[in-house]
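Breakdown of the fold
What follows is each chain in one-letter form.
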Amino acid sequence: MTEDVSERYADLDKWSAGDAVTAMYEGQLAALASIQPALGAIAAAAEAAADTLGDTGRLVYVGSGTSGRLAVQDGAELAPTFNWPQERVVFCMAGGMSALTRSVEGAEDSADDAMTVIDRHNVGKKDVVIAVAASGRTPFTLGALREARRRGALTIGIGMNAATPILKEADHAILAVTGSELVAGSTRMKAGTAQKVILNMISTAIMARLGRVYGGYMVDMVVSNQKLAARAVKIVGDIAGCSADTARAALAASDNNIKEAVLISLGHNHASSSAMLAERGGNLRLVLQDLAATDT
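All of the points below concern the structure found in this document. The structure presented is a predicted model; accordingly, all values stated were derived computationally and were not measured. (Residues numbered from 1 in each chain as written. Predicted model: local features only at pLDDT ≥ 70, side-chain atom pairs only at ≥ 80, totals over all residues. Heavy atoms only, no water.)

Overview of the packing of aromatic side chains
Two numbers describe a pair of aromatic rings. These are the distance of the centres and the angle of the planes. Counted according to the given criterion, the structure contains two aromatic pairs. Where Y9 meets W15, the ring centres are 6.1 Å apart and the plane angle is 65 degrees; that geometry is what we call edge-to-face. Here Y61 and F91 contribute two aromatic rings whose centre-to-centre distance is 6.2 Å and whose plane-to-plane angle is 35 degrees, an arrangement assigned as tilted. A residue pair is termed long-range when its members are at least 10 positions apart, and Y61 in strand 1 (residues 59-63) and F91 in strand 2 (residues 89-93) qualify at 30 residues. According to the relative accessible area criterion, Y61 is buried, its value standing at 1%. Residue F91 is classed as partly exposed on the basis of its relative accessible area of 24%. (Phe/Tyr/Trp six-rings, centres within 6.5 Å; stacked < 30°, edge-to-face > 60°. Helix = DSSP H or I, 4+ residues; strand = E, 2+ residues; numbered from the N terminus. Buried < 20%, exposed > 50% of the residue type's maximum accessible area, 1.4 Å probe, protein only.)

Written out as structure tokens, the structure is:
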């Protein structure tokens, strides 16, 4: 369906810019609505992914063209947002990383290249592969998914066309039927929007399940500039119920580790804060629950 020519847009080139932009806006809304039936599948995939990843597993993003670029963008944002280790993200992009900024002709047609990348990174049972293809049948993406699944990895397939291989062969299939595009086959439009939202949901849900979110706060955020330093002070102050000065001092004592800074603000020292978090797998909520139970 993503390749179909829509009768509605048959005279698009004759329209005013205002009419065209209005149609594009309506298409974006339709793309978002197409995700609703897949919410259960997205949640199930995130739960399974969090269970599989544990303390050492990797997220492996696979795609080509627009789908691949969106997948890489999602994975690239995990380190600064959730302090997800760089070594626990693998990008399997058709044509290599240079294809992020320029088209590599024919790259999406090679399943063998994808299998080679999966093999080179030694993808296995502790890893989670997120494969994205609007068409649902891109050879490169399918080659990577099949090889990863053969090697025991958990596979998640995201597609925009029903009854396609990426959905049939993935452990967790996520379908958003975005339909025909404003410009036939230009999946950077509706399909791309749906893919970006789905990727956002999956990765954020995974990070939340792994304890890298607390009460809506990015408690594993990397403090890398003044804006984020101010945000970190607010996060620590809000969670610990302390003043900005106390939060700032705790962050300095913890080398900007927000979770440790919360515990330091509550009266614990750096060593004990670090130990408590390590014992609870870095999950701040579990540590705070333990402390509350001890107090009672």
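What about the pattern of salt bridges?
Within this structure, the stated rule accounts for 14 salt bridges. Where D171 meets R149, a salt bridge forms, and the shortest distance between an N and an O atom there is 3.0 Å. Of the two residues, D171 sits in the loop between helix 7 (165-169) and strand 5 (172-175) while R149 sits in helix 6 (residues 139-150), which places them 22 residues apart along the sequence. Under the relative-accessibility criterion, D171 is labelled partly exposed at 32%. Here R149 falls in the partly exposed class, since its relative accessible area comes to 40%. In this structure, the salt-bridge partner of R248 is D245, at a minimum N-O distance of 3.0 Å. Within this pair, R248 and its partner D245 are both found in helix 10 (residues 244-253), separated by three residues, close to a single helical turn. (Salt bridge = Lys/Arg side-chain N within 4 Å of Asp/Glu carboxyl O.)

Some thoughts on the sheet that holds strand 1
Overall, parallel pairing links the five strands, which are arranged 2-1-3-4-5 in an open sheet. Among the strands making up the open sheet, the edge pair consists of strand 2 and strand 5. Each neighbouring strand pair of the sheet contributes to a mean axis angle of 15 degrees, computed without reference to strand direction. By the bridge criterion, six bridges tie strand 3 (residues 128-133) to strand 4 (residues 154-159) in an arrangement that is parallel. Bridge pairing in strand 4 places I130 opposite I156. Helix-sheet contacts for helix 3 (residues 65-76) involve strand 1, strand 2 and strand 3, and the interaxial angle to strand 2 is about 170 degrees. (Pairing = 2+ DSSP bridges. Axes fitted to C-alpha atoms, helices over the stretch in contact; angles between N-to-C directions. Contact = heavy atoms within 4.5 Å.)

A look at the nonpolar core
If you look at the biggest cluster of nonpolar residues, it comprises 33 residues, and the most contacted ones within it are L59, I130, I158, I174, I198 and I202. Residue assignment for this core shows that the elements contributing at least two residues are helix 2 (39-53), strand 1, helix 3, helix 4 (78-82), strand 3, strand 4 and helix 8 (190-209). Examining the composition of this core, we find that seven residues originate from one element, helix 8, more than from any other. If we skip the residues at most four places from it in the chain, I174 touches A38, A41, I42, A45, I156, G157, I158, G159, L167, I198 and I202. Judged by nonpolar contacts, the second largest core, of 25 residues, contains M221, I239, L251 and L291. (Core = buried A, V, L, I, M, F, W, Y, C linked by side-chain atoms within 4.5 Å.)

Description of the packing of helix 9 (residues 226-240) against helix 10
Look at helix 9 against helix 10: their axes get within 8 Å of each other, and the N-to-C directions meet at 110 degrees. By the criterion of interaxial angle, the relationship of helix 9 to helix 10 is roughly perpendicular. Read as a crossing pair, helix 9 and helix 10 show a hand that is right-handed. Facing helix 9, whose interface residues are A232, V233, V236 and G237, helix 10 presents A244, A247, R248 and L251. (Parallel < 35°, antiparallel > 145°, perpendicular 65-115°, else oblique. Left-handed = near helix turned anticlockwise from the far one by under 90°.)

Purely spatial values, then, with no claim about function.
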